[in-house]
Amino acid sequence: MFLNCHTYHSLRYGVLSPQDLVQRAAAAGAEVLVLTDINSTTGVFDFVAACRAAGITPLVGLEFRENGRLLYTGIARNFSGFGELNRFLTSHRLSQQPLPDVSPAFQNAFVVYPFDGFIPAVLRENEFVGIRHFQLNRLLTSPLSRQMHKLLVWQPVVFASCTGFEVHRHLRAVDGNRLLSRITEDDMASRYDWPVSAERLKAAFNHYPVIWKNTCDFLKQCSFDFDFKTVKNKQSYTGSRSDDEKLLEQLALDGMEFRYGRNHSEARERIMKELDIISKLGFAAYFLITWDIIRYSMSRGFYHVGRGSGANSVVAFCLKITDVDPIELNLYFERFLNPKRSSPPDFDIDYSWRERDDVQQYIFKRYGREHVALLGAISTFQERSVIRELGKIYGLPSEELERMTSAGFNPAGEELPEKIFSIAAHLKDFPNLRTIHAGGILISDAPITAYTALDLPPKGLPTTQFDMYVAEDIGFEKLDILSQRGIGHIKDCVSIVLQNRGEKVDVHQVECFKHDERVKELLRKGETNGCFYIESPATRGLLIKLRCDNYLTLVAASSIIRPGVSRSGMMREYIERFHNPNGFRYLHPVMEEQLKETYGVMVYQEDVIKVCHHFVGLDLADSDVLRRAMSGKYRSRAAFQRIVDKFFSNCKERGYPDALTGEVWRQIESFAGYSFSKAHSASYAVESFQSLYLKAYFPLEFMVAVINNFGGFYATWVYVHEATRWGGKVHVPCVNRSSYMTSIDGKDIFLGFVHIRDLEQELAHRIVDERQRGGEYLSLPDFIERTASGREQIVLLIRLGALRFTGKNKPQLLWEAHLYLTREKVKEPIPRLFPAKEAQYSLPRLIQQPLEDAYDEIELLGFPVTMNYFDLLQTSFRGEVKARHLSSLVGKTVKMTGRLVTIKYVRTVSRKLMHFAAFLDDDGQFFDTTHFPPVLKKYPFQGNGIYLIQGKVASEFGFPSIEVEKMAILPLKPDPRSS
């Protein structure tokens with residue numbers, strides 16, 4: 001008789017997971033259970049699966065609330081009714097209109113109004129009133145006493161214990177952002193909202209058997225039939241499955257001629273094999289829809305990178321979904337598709353962050369807003385954040401919150417912290433907010449609201465209330481339409497090269513780039529700053545250690561740099577074997593047979609599948625489930641444990657020694673969740689080669705593109721420095737030369753107005769637009785009049801030197817600005833026939849020091865431009881050696897000065913903190929440092945700046961670094977502006 005059950009997907013209200021709810025209800029003897037989360041369908045399918053496993057009949061609905069006020073509860077009569085409820089909630093979510101006090105007339109759903117809420121004077125046939133046991137004494141004087149056939153037993157379920165009620169109470173305070181002491185009974189569920197036993201509940205309605213009978217009859221009218229196994233994606237592209245298969249074959253063979261030539265027998269054989277499996281599994285429409293999206297984006301001139309397991313497919317290569325050749329790389333076909341696979345392969349399509357939204361809009365328009373939605377995600381309460389939230393509702397000051405969330409804090413012995421930590425332990429990993437998946441899109445055969453209500457997040461596109469795991473469980477396969485700044489670097493660089501040099505660059509000539517000597521040289525030297533995926537200090541070091549100068553080595557490097565391979569110790573093992581391929585023994589002959597290309601090291605996700613299949617004897621489906629489970633993309637713990645048990649039992653049956661089995665499992669377990677598929681690494685490597693080519697031949701234009709995309713491993717100043725190192729002349733913004741974004745003219749690079757802190761965006765655009773309309777600015781008064789700049793904004797521009805075209809120094813311009821601008825507010829600029837005459841003033845001789853300029857630039861841009869940062873030091877000492885000398889000083893102790901670039905935080909096996917850092921010397925060359933725990937504790941980092949470093953030079957596979965012994969930040973010259 002639980003017609004109104006809530007899970008923790010009734011956000012900041014319910015406290016039970018769907019599984020917990022079902023378990024508690026089963027213990028109370030429930031045979032039927034109705035899930036009605038508040039304005040949420042997120043938990044429906046997990047709930048249905050849990051009920052079926054427990055032998056309980058699942059029914060579903062929605063509890064409709066507006067601003068926390070309970071209006072009514074909808075309960076689906078059948079699956080169609082669930083869709084009706086979803087569409088009703090969705091229409092109000094998307095239109096952002098409040099829910100009405102009276103429910104609409106549903107055809108396949110019942111409506112239950114609360115006894116103590118608003119009840120229409122006339123109830124429709126499908127409308128009822130829910131009455132609590134403690135409300136029965138009010139029934140005698142209620143008009144509803146004459147409509148007993150409309151009353152149902154109402155026993156909401158929100159929690160299952162006193163502790164659960166306390167958690168609920170705290171959640172309500174967090175939700176209302178109010179002190180816990182201010183929460184009233186009206187803000188919370190009733191203390192009776194728990195799964196009471198059927199006997200006890202029936203006894204409470206002993207005097208009203210008709211209400212009990214009404215409820216039993218009501219439940220018999222409801223059902224929720226749902227097939228988890230059928231594919232929910234759009235089933236046909238052309239309208240006919242057979243026509244889909246014919247079209248896909250034609251497109252694949254046409255593409256084969258473009259990619260391989262007409263008579264490539266191996267490609268044709270592979271294509272026909274793939275097409276046969278694609279057709280048998282019913283995935284032709286999925287491929288064609290992806291092809292259609294690529295076709296559209298290419299027609300718009302958008303550059304894309306296709307990756308994911310689908311990139312293992314020759315068909316996908318021929319359809320231009322991906323630029324990775326599976327035959328060239330010997331990609332593992334079974335990672336892409338195998339006859340036992342029930343879901344389509346993944347297609348992840350990366351676009352520039354500027355173009356991704358356009359592609360998404362196309363998908364919605366092409367396939368219909370009723371059938372398309374962004375994929376939702378669930379943001380959960382995390383340990384520190386939930387302690388902060390709970391501390392706030394107790395009114396704790398920020399200092400106390402900092403203390404309680406600091407590392408190593410122990411609440412033992414402190415009453416309030418103990419209470420907070422106890423509640424926090426219950427809330428950890430609870431759903432907190434619904435949000436959006438990074439790029440997932442669902443294209444459904446039925447209207448998407450058949451399965452979920454939709455939200456309208458700030459992104460502005462309908463979004464499912466369930467996440468990727470539920471989507472997969474119920475038969476959806478997402479398309480990932482992602483944004484990636486590396487693509488923006490490449491596309492923008494091509495445009496900038498055409499504008500600055502008049503040259504057209506075809507970035508799709510990747511085969512030429514792979515063999516270009518300049519590109520190879522950059523790879524060998526680790527000169528990869530700004531280049532997609534290969535610019536971090538760790539990757540730069542790996543490239544040097546591998547002496548990488550070819551595509552296949554770069555593909556491997558893209559995967560072994562991932563945390564799992566590194567942590568397992570196999571990255572170092574790979575490098576050693578790479579340089580000495582005959583100096584090691586394979587763990588087993590099967591390892592040599594399957595992993596010879598990677599020297600017996602599992603580098604790619606495919607390697608996990610190969611080892612599980614060929615070494616252990618798991619079938620391909622179980623091997624892939626094991627890989628996916630370890631990567632966090634598979635939720636069934638029972639199924640995972642079954643496969644793990646099978647792994648070890650198979651090894652035992654095959655007579656493998658326990659030590660061998662344990663080592664193979666250790667390697668699988670340590671990095672299967674982090675490694676890439678080979679096709680994914682290959683896709684990244686293709687993009688890396690494109691970036692490398694542009695940097696090799698157009699370094700300044702490339703750096704401008706990187707700066708303008710605000711993306712990369714490093715802060716903007718590192719890329720500005722890199723542009724200088726490659727021969728560019730970088731200028732602070734100028735109102736007569738700069739654009740909103742950074743621009744280049746020859747070798748002169750003008751930083752864009754976008755980089756100036758506190759400069760109003762509207763003014764920045766107005767400066768450029770007015771200059772393009774009326775020509776260059778002639779003087780300070782001319783600039784003020786034409787742009788209507790206020791005093792504060794003018795001062796910013798003057799201090800940064802943006803009005804240096806006047807030939808006057810900053811103090812003079814500041815005097816004049818204050819004389820011209822007697823008021824802060826400036827009227828809208830009025831067009832004049834003639835420019836205003838500049839008033840003449842006699843000023844004393846005013847001096848501006850270069851050091852003042854540098855400090856202005858640091859304040860307004862974040863870094864100096866007109867002066868080298870090292871020249872700001874009080875000392876003239878620049879170190880005993882430079883970065884370029886380190887390779888010849890291995891084993892020796894050196895002193896160096898370096899500007900801190902980035903720090904990598906890691907923990908040792910004993911959980912002690914250590915750091916790896918990257919610095920620039922005063923020549924602009926990188927060097928790397930290692931800070932072991934004892935030294936780090938004694939000589940910690942003290943923020944950004946230039947450090948004096950003493951340490952021993954170590955080298956690993958030809959890559960030098962400094963093991964730091966002492967370190968101190970160096971003082972800068974005093975800021976003359978404050979003197």
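Coordinates for the structure precede this section.
Residues numbered from 1 in each chain as written. Predicted model: local features only at pLDDT ≥ 70, side-chain atom pairs only at ≥ 80, totals over all residues. Heavy atoms only, no water.

## A look at the overall build of the protein chain
Here is step 1: Looking only at helices and strands, the protein chain features 37 helices and 22 strands.
Here is step 2: In terms of overall size, the protein chain behaves like a compact globule, its C-alpha atoms giving a radius of gyration of 33 Å where 979 residues would be expected to give roughly 30 Å.
Here is step 3: Seen along its three principal axes, the alpha-carbon backbone of the protein chain occupies a region of about 100 × 80 × 65 Å.
Here is step 4: Each of the 979 residues in the protein chain was classed as buried or not, and the buried ones make up 56%.
Here is step 5: Pairs at least 24 residues apart make up 69% of the contacts formed inside the protein chain by residues separated by at least 6 positions. (Helix = DSSP H or I, 4+ residues; strand = E, 2+ residues; numbered from the N terminus. Rg over C-alpha atoms; globule rule 2.2 N^0.38 Å. Buried < 20%, exposed > 50% of the residue type's maximum accessible area, 1.4 Å probe, protein only. Contact = heavy atoms within 4.5 Å.)

## As for the sheet that holds strand E18 (residues 893-907)
Within a sheet, each strand pairs with its neighbour through backbone hydrogen bonds, oriented either parallel or antiparallel.
Here is step 1: Taken together, the five strands give a closed barrel; going around it, the order is E18-E19-E20-E22-E21, and neighbouring strands pair in mixed fashion. Sheet twist, expressed as the average angle between the axes of neighbouring strands with direction ignored, equals 50°.
Here is step 2: Summarising the sheet, strand E19 (residues 913-920) and strand E20 (residues 926-931) pair through six bridges and their orientation is antiparallel. Among the inter-strand pairings, Phe916 is bridged to a residue of E20, identified as Thr930. (Pairing = 2+ DSSP bridges. Axes fitted to C-alpha atoms, helices over the stretch in contact; angles between N-to-C directions.)

## Remarks on unusual backbone geometry
Here is step 1: Residues other than glycine seldom take positive phi values, yet Gln96 does so here, at roughly 60°.
Here is step 2: Looking at the secondary structure, you find Gln96 in the loop between helix H3 (79-95) and strand E5 (109-114).
Here is step 3: For Gln96, a relative accessible area of 62% puts it in the exposed group.

## So, the sheet that holds strand E17 (residues 748-750)
Here is step 1: An order of E15-E17-E16 is seen for the three strands of this open sheet, with the pairing classed as mixed. Bordering the open sheet on either side are strand E15 (729-731) and strand E16 (743-745), each of which pairs with just one other strand. When the angles between neighbouring strand axes are averaged without regard to direction, this sheet yields 25°.
Here is step 2: Here helix H30 (residues 699-708) sits on the sheet in contact with E16 and E17, set at roughly 160° to E16.

## Quick look at the pairing of E5
Here is step 1: Summarising burial for E5: six of the six residues are buried, a large majority.
Here is step 2: Burial of E5 is two-sided: the residues Ala109, Val111 and Tyr113 facing one way and the residues Phe110, Val112 and Pro114 facing the other way are all buried.
Here is step 3: Taken together, the four bridges between E5 and strand E6 (residues 127-131) define a ladder with parallel strand orientation. Bridge pairing in E6 places Tyr113 opposite Val129.

## Quick notes on the pattern of salt bridges
Here is step 1: Under the criterion given, the structure shown has 64 salt bridges.
Here is step 2: The partner of Asp357 in a salt bridge is Arg356, and the shortest N-O contact between them spans 3.7 Å.
Here is step 3: For Arg878, the salt bridge is made with Asp871, and the minimal N-O distance between the two is 3.9 Å.
Here is step 4: Assessed through its relative accessible area of 40%, Asp871 is described here as partly exposed. (Salt bridge = Lys/Arg side-chain N within 4 Å of Asp/Glu carboxyl O.)

## Here's the deal with the state of the cysteines
Here is step 1: Using the criterion set out here, one finds zero disulfides in the structure.
Here is step 2: The thiol of Cys531 is not disulfide-bonded; the next cysteine sulfur, from Cys493, is found 10 Å away.
Here is step 3: Taking the relative accessible area as the measure of exposure, Cys531 reaches 0% and is therefore buried.
Here is step 4: In this structure Cys612 is not part of a disulfide, and its nearest cysteine sulfur, from Cys651, lies 8.8 Å away.
Here is step 5: Owing to a relative accessible area of 0%, Cys612 belongs among the buried residues under this scheme. (Disulfide = S-S within 2.5 Å.)

## A short note on the packing of helix H13 (residues 383-393) against helix H14 (residues 398-405)
Here is step 1: Relative orientation of the contacting elements H13 and H14 amounts to 150°, with a least axis distance of 10 Å. By the angle class used here, H13 and H14 are roughly antiparallel. The handedness of the crossing between H13 and H14 comes out as right-handed. Across the interface between the two elements, Arg384, Ile387, Arg388, Gly391 and Lys392 of H13 pack against Leu401, Glu402, Met404 and Thr405 of H14. (Parallel < 35°, antiparallel > 145°, perpendicular 65-115°, else oblique. Left-handed = near helix turned anticlockwise from the far one by under 90°.)

## Brief notes about empty space enclosed by the protein
Here is step 1: Under the counting rule described, the total for this entry stands at two cavities of 30 Å³ or more.
Here is step 2: For the largest cavity, the calculated volume is near 110 Å³.
Here is step 3: If you go around the largest cavity, you meet 13 residues; those closest to its centre are Asn233, Lys234, Ala285, Tyr286 and Ile289.
Here is step 4: Examining the composition of the lining of the largest cavity, we find that three residues originate from one element, helix H9 (residues 284-299), more than from any other.
Here is step 5: Taken together, the residues of the lining of the largest cavity break down into eight nonpolar, three polar and two charged.
Here is step 6: Of the volumes computed, that of the second largest cavity is approximately 60 Å³.
Here is step 7: Forming the boundary of the second largest cavity are Tyr303, His304, Val305, Gly306, Thr322, Asp323, Val324, Ser683, Val686, Glu687 and Gln690.
Here is step 8: Elements with a minimum of two residues in the lining of the second largest cavity: strand E8 (304-307) and helix H29 (678-697). (1 Å grid on protein atoms, 1.4 Å probe; cavity = no way out; pocket = protein on both sides within 12 Å on 5 of 7 lines; lining within 4 Å. Points joined across faces, edges and corners; volume = space filled by probe spheres on them. Nonpolar A, V, L, I, M, F, W, Y, C, P; charged D, E, K, R; others polar.)

From the geometry alone we can't say anything about function, so treat these as descriptive.
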